[in-house]
Amino acid sequence: MSRADRSRGSARGTIPSPNIWHWPDIYEVENRAQDVDGVVFGVLAEVADWRDRDVLDLGCGAGFHLPLFAETARSVVGVEPHPPLVAAARRRTAGHAAVSVVEGSADALPLPDDSVDVVHARTAYFFGPGCGPGILEAMRVLRPGGVLAIVDLDATVAPYGGWMRADLPHYDPVAVEAFFDAQGFAMRRVRTRWEFEGRDALRAVLGIEFTARTAARAFAETPGLGLEVGYRIHTRAVSSGLILPSG
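Residue numbering note: each chain is counted from 1, following its sequence as written. Owing to the predicted nature of the model, reporting of local features is limited to residues with pLDDT of at least 70; listing and counting of side-chain atom pairs is limited to 80 or more, with chain, interface and lining totals taken over all residues. Hydrogen atoms and water are omitted, and side-chain values are computed over all heavy atoms in the structure.

## Concerning the sheet that holds strand S6 (residues 186-195)
Basically, it comes down to this: Any two strands between which DSSP finds at least two bridges are classified as paired. Comment: elements are numbered from the N terminus, with helices defined as DSSP H or I runs of at least four residues and strands as E runs of at least two. All axes here are fitted lines through C-alpha atoms, helices being fitted over the stretch that makes contact, and every angle between N-to-C directions spans 0 to 180 degrees. The criterion used for residue contact is that any of the two residues' heavy atoms lie within 4.5 Å.
Ordered in space as S3-S2-S1-S4-S5-S7-S6, the seven strands form an open sheet in which the pairing is mixed. The open sheet terminates on both sides in strands that have one partner only, identified here as strand S3 (99-103) and S6. For this sheet, the mean angle separating the axes of adjacent strands, direction not counted, is 20 degrees. Examined bridge by bridge, S6 and strand S7 (residues 226-237) share ten bridges and lie antiparallel to one another. For Glu195, the partnering residue across the bridge sits in S7 and is Gly226. Across the sheet, helix H6 (residues 132-141) is in contact with strand S1 (54-58), strand S4 (116-122), strand S5 (142-153) and S7; its angle to S5 comes to roughly 145 degrees.

Shown next as structure tokens:
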């Protein structure tokens, strides 16, 4: 999330996500560069194990993460509000029988109650206050014992977080964390490494994530091909049942 927030699906209309909507090819480069050591997926496997379970990837974009879930999940459904990205995600997963992709929004999910075990949302829709309808929808479609896992950028971690705050001076990461805490979420912080194939790829990705001024600063402050980026993983579980007091 920077000047180009990932799309916020809404029954009242979708706020576009300029980075992936307008520059899908560059966003694909960004996806390949992100978290090259797999730290985020390693933590997700601990807090929201999807092996042999049914997964919803909410705001799946062009479906980059769908095949990764499909390696061990029982089934995977991607929900995405932007029709061209829905088509791209379907093309990407055409050979995966357990994967389906549907058009839909975070606060009006096209899934029945109690139909999935893990809801995964990465830098999409859930940016703090205002995302309550999406949280309620995720809780609706999760089965008892299921988990909502929200992966978001950590603006307190330099250098990427500093560039975010330069472009979003009113964004308060402490207030966002307090919001999720009040909603009953646990949180894990992780630090990852982004690694690009070349300087041109780095420049292009920074150019769709930040304003021109901040992107130029970020490029100048990144002498090589890699940079450290922090994430927060917020998780909220659905109770697996009523526990009666003994005696």
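Text resumes after the structure shown.
## Quick notes on the nonpolar core
This is how the line gets drawn: The term nonpolar core refers to a set of buried residues drawn from Ala, Val, Leu, Ile, Met, Phe, Trp, Tyr and Cys, joined through side-chain atoms within 4.5 Å. Burial classification: accessible surface area is computed with a 1.4 Å probe over protein chains only, and a residue below 20% of its type maximum counts as buried, one above 50% as exposed, and the rest as partly exposed.
Formed by 68 residues in total, the largest nonpolar core has its most connected members in Leu56, Val119, Phe126, Tyr160 and Phe180. Counting residues per element, this core draws most heavily on S5, at seven residues. Apart from residues lying up to four places away in sequence, Leu56 is in contact with Val77, Val79, Leu109, Leu111, Val116, Val118, Val119, His120 and Val141. Counting seven residues, the second-largest nonpolar core is a separate cluster that includes Trp21, Tyr27, Ala62 and Ala88.

## Some points on the packing of helix H7 (residues 160-167) against helix H10 (residues 212-220)
What counts, and what does not: In this scheme, roughly parallel covers angles under 35 degrees and roughly antiparallel covers those over 145, while 65 to 115 is roughly perpendicular and the rest are oblique. Handedness of a crossing is defined here by the sense of rotation of the near helix relative to the far one, left-handed for an anticlockwise turn of less than a right angle and right-handed for a clockwise turn. Gly is placed with the polar residues, together with every amino acid not listed as nonpolar (Ala, Val, Leu, Ile, Met, Phe, Trp, Tyr, Cys and Pro) or charged (Asp, Glu, Lys and Arg).
It is at 10 Å that the axes of H7 and H10 come closest, and there the two elements cross at 160 degrees. In terms of orientation, H7 and H10 fall into the roughly antiparallel class. In the crossing of H7 with H10, the sense of the turn from one axis to the other is right-handed. Of the residues in H10, those in contact with Gly162, Trp163, Ala166 and Asp167 of H7 are Thr214, Arg217 and Ala218. Residue composition of the contact of H7 with H10, grouped by class: three nonpolar, two polar and two charged.

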